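Here is what each chain is made of, one letter per residue.
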Amino acid sequence: MKFKIFVVDDDRHYGRMLSYRLEKNLDNEVHSFSSGEAALERIDEEPDLVLLDIMMPGIGGLETLKRIRADHPTVPVVMVSAQGVIDVAVESMQLGAYDYITKGQDDLLKLDTVVKNVREKSEMEKELMQLRGVVKERFSIGGLVGESPAMKGVHRTIEKTLRGDLTVAIQGESGTGKELVAKAIHYGSNRKDGPFVVVNCAAIPRELMESEFFGHEKGSFTGAHARKIGKFEQANAGTIFLDEIGELDLDLQAKLLRALQSFEIVRVGGNETIRFDARVISATNKDVEQMIRKGTFREDLYYRLFQFPVALPPLRARGKDIILLANHFLKNYIDGHPEFAAKRLTGDARRAVLEYSWPGNVRELKSAIERAILVSDSDDISPDDLMLNRGSGISPWTERAGVAVGERIESDRAPVSSSNGADELAVSLGEDGEILSLDEIKRQAIERAYRVCEGNVDRAAVELGIGRATMYRLLKKYKLMA
Ligand SMILES: Nc1ncnc2c1ncn2[C@@H]1O[C@H](COP(=O)(O)OP(=O)(O)OP(=O)(O)O)[C@@H](O)[C@H]1O
Ligand SMILES: [Mg+2]
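In this text, all values refer to a predicted model and were calculated from it rather than measured experimentally. (Residues numbered from 1 in each chain as written. Chains lettered and ligands numbered in written order. Predicted model: local features only at pLDDT ≥ 70, side-chain atom pairs only at ≥ 80, totals over all residues.)

(A) Here's a closer look at the site of ligand 1. Around ligand 1, a shell composed of 18 residues is seen, among which V145, G177, K178, E179 and V362 lie nearest. If you list the elements that add at least two residues to the shell around ligand 1, you get α7 (178–188), α13 (321–336) and α15 (361–375). Considered class by class, the residues forming the shell around ligand 1 number five nonpolar, nine polar and four charged. (Near = placed C-beta within 6 Å. Helix = DSSP H or I, 4+ residues; strand = E, 2+ residues; numbered from the N terminus. Nonpolar A, V, L, I, M, F, W, Y, C, P; charged D, E, K, R; others polar.)

(B) Fine view of α7. Those residues of α7 that sit buried are K178, V181, A182, A184, I185 and H186. Against the buried residues of α7 lie α6 (149–161), β6 (168–171), β7 (196–200), β10 (239–243), β13 (279–284) and β14 (308–311). (Buried ≥ 20, exposed ≤ 12 C-beta atoms within 10 Å, placed from the backbone. Contact = placed C-beta atoms within 7 Å.)

(C) Main features of the sheet that holds strand β1 (residues 3–8). With parallel pairing, the five strands of this open sheet are ordered in space as β2-β1-β3-β4-β5. Because the sheet does not close on itself, it has two edges, and the strands there are β2 (28–33) and β5 (99–102). Across the sheet, the mean angle from the axis of one strand to that of its neighbour is 20°, orientation sign disregarded. When β1 meets strand β3 (residues 49–53), the two strands line up parallel, connected through four bridges. The residue of β3 that forms the bridge with V7 is L51. (Pairing = 2+ DSSP bridges. Axes fitted to C-alpha atoms, helices over the stretch in contact; angles between N-to-C directions.)

(D) Layout of the packing of α13 against α15. At a minimum axis separation of 9 Å, α13 and α15 run at an interaxial angle of 50°. Classified by the angle their axes make, α13 and α15 are oblique. Helix-helix and strand crossings are classified by hand; for α13 and α15 the assignment is right-handed. Residues I322, L325, A326, F329, L330 and Y333 of α13 touch α15, and the partners they reach there are V362, L365, K366, I369, E370 and I373. (Parallel < 35°, antiparallel > 145°, perpendicular 65-115°, else oblique. Left-handed = near helix turned anticlockwise from the far one by under 90°.)

(E) Layout of the confidence of the model for the protein chain. Model confidence for the protein chain is summarised by a mean pLDDT of 84, while 87% of its residues fall at 70 or above. Within the model, the stretch residues 134–140 combines pLDDT values under 50 with one contact to residues more than four positions away or in other chains. Every residue in residues 391–427 scores below 50 in pLDDT, and together they form 54 contacts with partners more than four places removed in sequence or on other chains. (pLDDT = per-residue confidence, 0-100.)

(F) Molecular detail of the sheet that holds β6. The sheet built from five strands is open, its strands ordered β7-β10-β13-β6-β14 with parallel pairing. The strands lining the two open edges of the sheet, one partner per strand, are β7 and β14. Here the average twist between neighbouring strands, direction ignored, is 20°. With four bridges connecting them, β6 and β14 associate as parallel partners. Following the sheet pairing, V168 is matched in β14 by F308.

(G) Structural detail: the pairing of β2. Examined bridge by bridge, β1 and β2 share six bridges and lie parallel to one another. Across the sheet, residue K4 finds its bridge partner in β2, namely E29.

(H) Spatial organisation of unusual backbone geometry. One non-glycine residue, E46, lies in the positive phi region at around 50°. Even without a glycine there, the phi angle at A237 is positive, about 70°. Residue position: A237 is located in the loop between α9 (231–234) and β10.

Written out as structure tokens, the structure reads:
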């Protein structure tokens, strides 16, 4: 970027001489003004340096300086003083001028030094600001709460994705924060001033998908009354977020692949190729590798989209982050609804939150907390207020018990469906239909997890969404471990 300098002097010859000298350095972009008023009209452009004559008709140099300082205090101003008015130059320094040069004396030599200094200073400040930005992001990347080792890993990956424009693919169960991560990447990147455009591949009818992606020309199909600009074009200079990418059919996968290879698209019914410049981030809760094996996802597209894979862990594998997040949502809600300022989670409620398996992940936690604030009768939020489906602390596991450990849950619905009826009943009934005590259900869940995880306590604890110490304690209690 060029170094923008305003030269303000009513003496045209002198102004031109300064400009001439400054323009010898091709990195400088010089604009000349013959009065303070004229310069102030364009001060919003935030020049990198203003050279300002003191003695001018109109408001003069000092007043111009004051006005610049008032509205744009970071713009450096160097005063240009005639010989004999040095005391005014000194006064101007007290008003915040960066320095001054004296006409016909030290001006040309000092000019070079002053410009060099201002330049170095502004570059240093820019670096410092960038550094501060990085430090701020380290602690809370784009509002992503979490300090568990699993989430720290995610933070590190996000930081790496900011270094370039590679494609990013975010994988995680429903409600784990995939969209939030995509936004964190967009707003953390140098595309942040461009648009963040979302396409939900599951929400749009198959036959309209291509036009949604690439746009269409007027009359290209029945109902195409006007030209439409597709999401890829809309996302120019920004980021396009392809959500639920596992829902694309093979035909569109081929078209998407072509677009990603050439960075060119053709609107439906058009014949002009149009270049686009958008960073591509995708997300899915499906096991894409498995889809490739089944032949429902193209392997070549997979490599295009997954240059940077980000695996978001389920909430139950994030340990104490669950509490951090619960408090975060509590605080956020209270910030917007000060009448609930005294609400807090009791120790029991915190334990319940930690021990629950959160099949709907962060989204489920957020709504449980917000609901609990509203349903609790006192300032203490009790476990009951959280209305966690008691059976389902176990049922997600029960559902997955038939599934090999480590295999991903295929659909959004799987973990939640347990709450509607028959399954849930089956969980709380014994083999001959008798009602089981909660303790017995717990025992069975622990035993099963321990068995399916082949005696790996850590993994069993993670799967159950409880702490390691709790797992050991329960294994001993139920005499499953010596
Ligand atoms: N680490 C986090 N810190 C703070 N808020 C979070 C975090 N993760 C998720 N959230 C919040 O949880 C909710 C769900 O997140 P998001 O929509 O990004 O999930 P998702 O994975 O895209 O879900 P789905 O698969 O259902 O589309 C949002 O309100 C989001 O702001
Ligand atoms: Mg989403």
